[in-house]
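Next come the chains, spelled out residue by residue.
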Amino acid sequence: MFHREGQKIIIVTFFLAVAAVLLSQFFVEIEWLRFGIQLAALIFLILVLQFFRNPKRPVTPDFDEILAPVDGKVVAIEEVYEPEYFKENRRQVSIFMSPLNVHVTRYAASGTITYSKYHPGKYLVAWHPKSSTENERTTVIMHTPKFGEIGYRQIAGAVARRIVNYAEEGEQVTQGQDAGFIKFGSRVDLLLPLDCDIAVVINQKVVGAKTCIAAFRKKDD
C-alpha cells in the first residue's frame, strides 16, 4: 500500500523508468551501458516506491500512552522552553527520519486538535539544533483526556521540500490515524508534559503507531 501523497510521483516515475528501459533497449548498442541504464531506472523506481509506502498498522487507542508519530530514531530527549503555543517548559522527544523510513505521520494520541499552523523556513539538516525553530515546519497541538494538551512538530530537513499536514482545529482525531506526510527526509518533535514518564532512550529506533514514547503518570505514584 502506498500513500496518497505519492501517487503522482509514483506514476511519473513509473513512466520515466519504462521509457528509459525501452529507449535504451532499442537505441543503446553498448551492452554494458544499456544494462546500466535499465538497472538505474529500476532502482530509482524501487526507491520511490519504498519512500511512499504506507503500511497499515491497526491501533487500539490507549489514553494512557503516547505512541510514536513516525518511524525513525530518537535523537533528543530534553526539557525545552516552547515559545509558540505553550510558553512554558515541555519535555521534547525528537525523532529523526532517514529517507529509508516510512514517512507517514500518525497521531500519537486520541483527542481534539486545538492548534494547527504552518511555518515557512530554512532547510537545515534535520538534526541541527535550530531546525525545530528555523526550518519549514508545522506545529500541531491536541487536547487529550489524560495528558492534557500535547504537541508535535513536523520539521522539513535538508532534502525535504514539502510538509503535508491534515490536522484541522476543532477536529476529533484517533490515535494511529493518518496525520500527514513529510517528503524526503525530516524530523518530528513531540512536546509533552514534564510529569509524564518517558519510555524511550536516545538512539532507540521507534515504529510509528507501535512504540510507546511516554506513559501517563498517575497522581498517587
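Everything numeric in this text was worked out from a predicted model, so none of it was measured.

A. Up close: the overall build of the protein. For the protein, the count of helices and strands is three helices and 14 strands. The proportion of buried residues among the 221 residues of the protein is 47%. At a minimum sequence separation of 6, the contacts of the protein that also span at least 24 residues come to 71%. Looking at the protein as shown, the accessible area adds up to about 11,500 Å², and 61% of this sits on carbon and sulfur atoms.

B. Local environment of the side chain of Gln175. You can see Gln175 is positioned in the loop between β9 (172–173) and β10 (178–182). According to the relative accessible area criterion, Gln175 is buried, its value standing at 3%. Reaching out from Gln175, the side chain makes a polar contact with the backbone oxygen of Glu65 at a distance of 2.9 Å. Leave out the neighbours within four places in its chain, and Gln175 touches Val59, Thr60, Pro61, Asp62, Glu65, Ile66, Leu67, Tyr107, Ala108, Ala109 and Ser110.

C. Inspection of helix α1 (residues 7–27) at higher detail. Helix length check: α1 (21 residues) gives 30 Å between terminal C-alpha atoms against 30 Å at 1.5 Å per residue, within 8%. Taken together, the buried positions of α1 are Ile10, Thr13, Ala17 and Ser24. Buried positions in α1, seen along its axis, are confined to an arc of 75° and lie on one side of it. When the buried face of α1 is taken as reference, the exposed residues oriented beyond 90 degrees from it are Lys8, Phe15, Leu23, Phe26 and Phe27. As for α1, its buried residues are in contact with α2 (31–51).

D. Region of the structure containing the sheet that holds strand β11 (residues 186–192). Taken in spatial order, the eight strands of this open sheet run β9-β5-β6-β7-β11-β3-β2-β13, and their pairing is antiparallel. Single-partner strands in this sheet number two, and they are β9 and β13 (205–206).

E. Fine view of the pairing of strand β3 (residues 88–97). In terms of burial, β3 is largely enclosed, as seven of its ten residues are buried. Connecting strand β2 (residues 72–82) to the next strand, β3, in antiparallel fashion are five residues, including Lys87 with a positive phi near 55°.

F. Looking closely at the packing of α1 against α2. Running from amino to carboxyl end, α1 crosses α2 at an angle of 170°, the nearest separation of the two axes being 9 Å. By the angle class used here, α1 and α2 are roughly antiparallel. Between α1 and α2, the residues in contact are Ile9, Ile10, Thr13, Phe14, Ala17, Ala20, Val21, Ser24 and Gln25 and Arg34, Ile37, Gln38, Ala41, Phe44, Leu45, Val48 and Leu49, respectively. By residue class, the composition of the contact of α1 with α2 is twelve nonpolar, four polar and one charged.

G. Quick peek at the state of the cysteines. Summed over the entire model, instances satisfying the criterion amount to zero disulfides. With no disulfide of its own, Cys196 lies closest to Cys212 among cysteine sulfurs, the gap being 9.5 Å. Judged by its relative accessible area of 19%, Cys212 is buried.

H. Broad picture of the side chain of Thr105. You can see Thr105 is positioned in strand β4 (residues 104–106). Accessibility expressed as a relative area gives 0% for Thr105, which makes it buried. With residues up to four places along the chain from it excluded, the contact list for Thr105 reads Pro69, Val70, Tyr152, Gln154, Gln177, Asp178, Ala179, Gly180, Phe181 and Ile182.

Here is what the cut-offs are and how they apply
Residues numbered from 1 in each chain as written. Predicted model: local features only at pLDDT ≥ 70, side-chain atom pairs only at ≥ 80, totals over all residues. Heavy atoms only, no water. Helix = DSSP H or I, 4+ residues; strand = E, 2+ residues; numbered from the N terminus. Buried < 20%, exposed > 50% of the residue type's maximum accessible area, 1.4 Å probe, protein only. Contact = heavy atoms within 4.5 Å. Areas by Shrake-Rupley, 256 points an atom, 1.4 Å probe, with all protein chains shown as cover. Polar contact = N/O pair within 3.5 Å; in protein donor to acceptor, adjacent residues only side chain to side chain. Expected span 1.5 Å × (residues − 1). Arc of directions from axis to C-beta. Pairing = 2+ DSSP bridges. Axes fitted to C-alpha atoms, helices over the stretch in contact; angles between N-to-C directions. Parallel < 35°, antiparallel > 145°, perpendicular 65-115°, else oblique. Nonpolar A, V, L, I, M, F, W, Y, C, P; charged D, E, K, R; others polar. Disulfide = S-S within 2.5 Å.

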